[in-house]
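# Results of the structural survey
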Amino acid sequence: MRDTEHSGLGTASCIQLTATSEPEGGRASLRRARSSTGTTMHAFKDSGHLFRLAAVFVAGILVFLVLRGFLVPKSFGQYGHYRGNAMAEIAARPVNFAGHETCETCHADVLDKKKDGKHAHVNCEACHGPLAKHADDPASVQPPKLDTAVLCVRCHEANAAKPKTFPQVASADHSTGLPCDTCHQPHSPVIGGGAK
Amino acid sequence: MPGVEGFMYPNEIELQWSVLIVLYPFLTGLVAGAFILASLERVFRVQAVKPTYRLALLTALSFLLVAPLPLQLHLGHPERSFEMYLTPHRTSAMAMFGFVYVWYLMAVLVLEIWLDYRRDIVVLSESTTGWRRWIYRMMTLGSHNLSERALAIDERVGYLITVIGIPSAFLLHGYVGFIFGSVKANPWWSTPLMPVVFIFSAMVSGIAAVMVLYMLMTWSRGRSIDMRCVDTVARYLFYTFIIDFSLEMLDLIHRIYESDESFRSLDFMVHTKLYLSHIVVQIVLGTVTPIALLGLTQVVKLTEMARKRIYALAGCLTLIGIFAMRWNVVIGGQLFSKSFLGYTTYKMGLVTREGLLVAIVLTVLPLVILWVLVKLLPPWTERNSGLLPDARAAH
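Residues numbered from 1 in each chain as written. Chains lettered and ligands numbered in written order. Predicted model: local features only at pLDDT ≥ 70, side-chain atom pairs only at ≥ 80, totals over all residues. Heavy atoms only, no water.

Summing up its helical and strand segments, chain A has 11 helices and zero strands in all. Going from the N terminus to the C terminus, chain A shows its helices and strands as α-α-α-α-α-α-α-α-α-α-α. Counting only carbon and sulfur atoms, one obtains 64% of the accessible surface of chain A, whose full area is about 13700 Å². (Helix = DSSP H or I, 4+ residues; strand = E, 2+ residues; numbered from the N terminus. Areas by Shrake-Rupley, 256 points an atom, 1.4 Å probe, with all protein chains shown as cover.)

Here's what the structure looks like:
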């Protein structure tokens, strides 16, 4: 456990020696004592505790390096500062959005209504949500009904940070809680008139 | 919208950096400041402050251990913080903090404390019993060598570490200032003076904290306060405070003179939303008053009792002032819109993850750690104190 040569009596006498020189002259007397005795051999032995400490540090760094070897994914850094395999994993995930062209192949009637209206450039799934499952199998997967009182304000609620040209309403005044589709037709929202 | 005046961009209405981010530079500042006070004794050989040397080191350690906790709580997912060591991101100042922190903790503070306490640890490992003995034994690393030469080597190496430690302490806190100073989109933060101001305010807060802690602890142990020591510490506090204050005024004058496009907005903020915390608490109460009090002790000959009271008062005010400074930097920088047309309000939670309660716990926690450390490694230089009667009272 401990250095044999410095145990017991040896330690005690050293303590006495240093205790006498406390507190002011401590350092000076130590230095004097140092210059008067000893060889490099001793210097090596007397810094033994420092080597032990260094060993603890080296061990810590080694443990860290080993851990790092285990924890950092192999493909890290392949393309950049991230896990290379993440690309393939993300690509392999199921597709949630079908895209509006897919919807339009079956719902041509909606497209006819929508394409001349103000929502012509708003994609189907921006309002209906991701519906790839429905597009694959329309019979068994029914799209959920939309609540326009919640849906429309997501884009149209008045906010000073939105561009002035974007149509906005303060829904509390404008619709007084009524669902927007009591007056507006969602696929062609402009009420009346040729503009649609 | 309540609490919002004028025009705010939607992402500015709610503050992202909470009171915990205020606490974080405050805690790291105390670490850096306490360490610099300790190095005064060591490197510049200011013997008078010696009674605070070890206490300052232990204070630095206990605050450093708590310093990352506000960040962990703010970000969530503490387990992920280890990843910044595994895959270091060299171009992110925030990501490099992990290394600054570990360097400062392991290579500077722990090492210096260990070397300085090694003799005590060895003696304690022989004089104590039970679990204490095991702790001390572990800390000796199995080497009980207390020969003069060994101690002289410790002294040398300790000195070297302190010399390395001073720039490290500057790095630690300069880094925190850098994080704010380098946010170019925020005119309240973006100034190259920021790291410098942070370093000096850190020194001010650290010195004040150690001074107050020293007086408090000595008093609670029923000992007499070493007035030569406290006088010297207070004098250094006074000097650094003057430098710190001058730097902050320099920054202010520079802003006023430059009067860039953000100035009217910031000026308005300082006179309204930040009036209490900036003008009243930070500048009047937390800076001018303690400087005046400390200045008084330098000019007028006062009794010991009066000096003690003034130091205690000035120290506490200083800490409040520096905390207010962190508050005004962190919170103030988020109260105004980058359009310079609006202002929001900070609503602090109470028992939320980043609320007041957590902030209080995180402020008290370092003191608890310090209490444990002081029990374990008594910092007192007087004889007959702590757990070392057999060693120190030998003569």
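Past the structure itself, the notes keep going.
On to the confidence of the model for chain B. Detailed conclusions should not be drawn from predicted coordinates in areas where pLDDT is low. All names here are of chain B. Averaged over all residues, the pLDDT of chain B is 90; the fraction at 70 or higher stands at 96%. Residue range residues 384-395 is modelled with pLDDT below 50. Its contacts to residues more than four positions away, or to other chains, number 31 contacts. Model confidence for the complex: the whole-complex pTM is 0.76, and ipTM, which rates the interface, is 0.80. (pLDDT = per-residue confidence, 0-100. Contact = heavy atoms within 4.5 Å.)

Residue and element names in this part refer to chain B. Here Ser339 is to be found in the loop between helix H13 (332-335) and strand E2 (342-343). A polar contact is formed between the side chain of Ser339 and the side chain of Ser337, at a distance of 2.6 Å. Setting aside residues up to four positions removed in sequence, Ser339 forms contacts with Phe7 and Tyr9. (Polar contact = N/O pair within 3.5 Å; in protein donor to acceptor, adjacent residues only side chain to side chain.)

All names here are of chain B. Among the residues of helix H3 (residues 68-75), those classed as buried are Pro68, Pro70 and His74. The buried residues of H3 occupy an angular sector of 155° when the element is viewed end-on, so they sit on one face. Close packing links the buried residues of H3 with helix H1 (19-43), helix H2 (53-66), helix H5 (93-127) and helix H14 (356-376). Downstream of H3 by a residue or two, Gly76 has a phi angle that is positive, lying close to 75°. (Buried < 20%, exposed > 50% of the residue type's maximum accessible area, 1.4 Å probe, protein only. Arc of directions from axis to C-beta.)

What follows concerns the environment of Ser18(B). All names here are of chain B. By secondary structure assignment, the location of Ser18 is in the loop between strand E1 (5-6) and H1. With 264 residues separating them along the chain, Ser18 and Gln282 place their C-alpha atoms 19 Å apart. In this structure, Ser18 is in contact with His74, Val330, Ile331, Tyr346 and Glu354, ignoring residues within four places of it in sequence. Of the polar contacts made by the side chain of Ser18, one reaches the side chain of Glu354; its length is 2.4 Å.

Ranked by size, the top nonpolar core spans 119 residues in total, and within it Tyr104(B), Leu109(B) and Phe180(B) carry the most contacts. Counting residues per element, this core draws most heavily on H1(B), which supplies 18 residues. (Core = buried A, V, L, I, M, F, W, Y, C linked by side-chain atoms within 4.5 Å.)

Another point: the packing of aromatic side chains. Enumeration according to the criterion identifies 18 aromatic pairs over all chains in this entry. Arranged with centres 5.5 Å apart and planes meeting at 20°, the rings of Trp17(B) and Trp189(B) form a pair that is stacked. With a gap of 172 residues between them, Trp17(B) in the loop between E1 and H1 and Trp189(B) in the loop between helix H7 (148-181) and helix H8 (193-220) connect regions that are remote in the sequence. Given the relative accessible area of 21%, Trp17(B) is considered partly exposed. On the numbers, 5.0 Å between centres and 20° between planes, the contact of Phe97(B) with Tyr175(B) is stacked. With Phe97(B) in helix H5 and Tyr175(B) in helix H7, the pair connects residues that are 78 residues apart, well separated along the chain. Ring pairing ties together the aromatic residues Phe64(A), Phe82(B), Tyr85(B) and Phe99(B), which thus form one cluster. Its end group placed over the ring of Tyr117(B), Arg54(B) keeps NZ or CZ at 4.0 Å from the ring centre. A cation over a ring is seen here: Arg221(B) above Trp380(B), with NZ or CZ 3.9 Å from the ring centre. (Phe/Tyr/Trp six-rings, centres within 6.5 Å; stacked < 30°, edge-to-face > 60°. Lys NZ or Arg CZ within 6 Å of the ring centre and 35° of its normal.)

Taken together, Met348(B), Leu350(B), Val351(B), Leu356(B), Leu357(B), Ile360(B), Val364(B), Val368(B), Trp371(B) and Val372(B) make up a surface patch of nonpolar side chains, about 910 Å² in accessible area. With respect to the element layout, Leu357(B) can be found in helix H14. (Patch = residues over 30% accessible without salt bridge, like charges linked within 9 Å, V, L, I, M, F, W, Y side chains within 5 Å. Salt bridge = Lys/Arg side-chain N within 4 Å of Asp/Glu carboxyl O.)

Residue and element names in this part refer to chain A. As for its position among the elements, Val72 is in the loop between helix H4 (48-71) and helix H5 (85-91). Residue class for Val72 comes out buried when judged on its relative accessible area of 14%. Taking C-alpha positions, Val72 is 39 Å from His134, a pair spaced 62 residues apart along the chain.

Here the focus is the confidence of the model for chain A. In this model, chain A carries a mean pLDDT of 80, and residues with pLDDT of at least 70 account for 76%. Of all helices and strands in chain A, the one with the weakest mean pLDDT is helix H1 (residues 9-20) of chain A (38), whereas helix H8 (residues 124-128) of chain A scores best (95).

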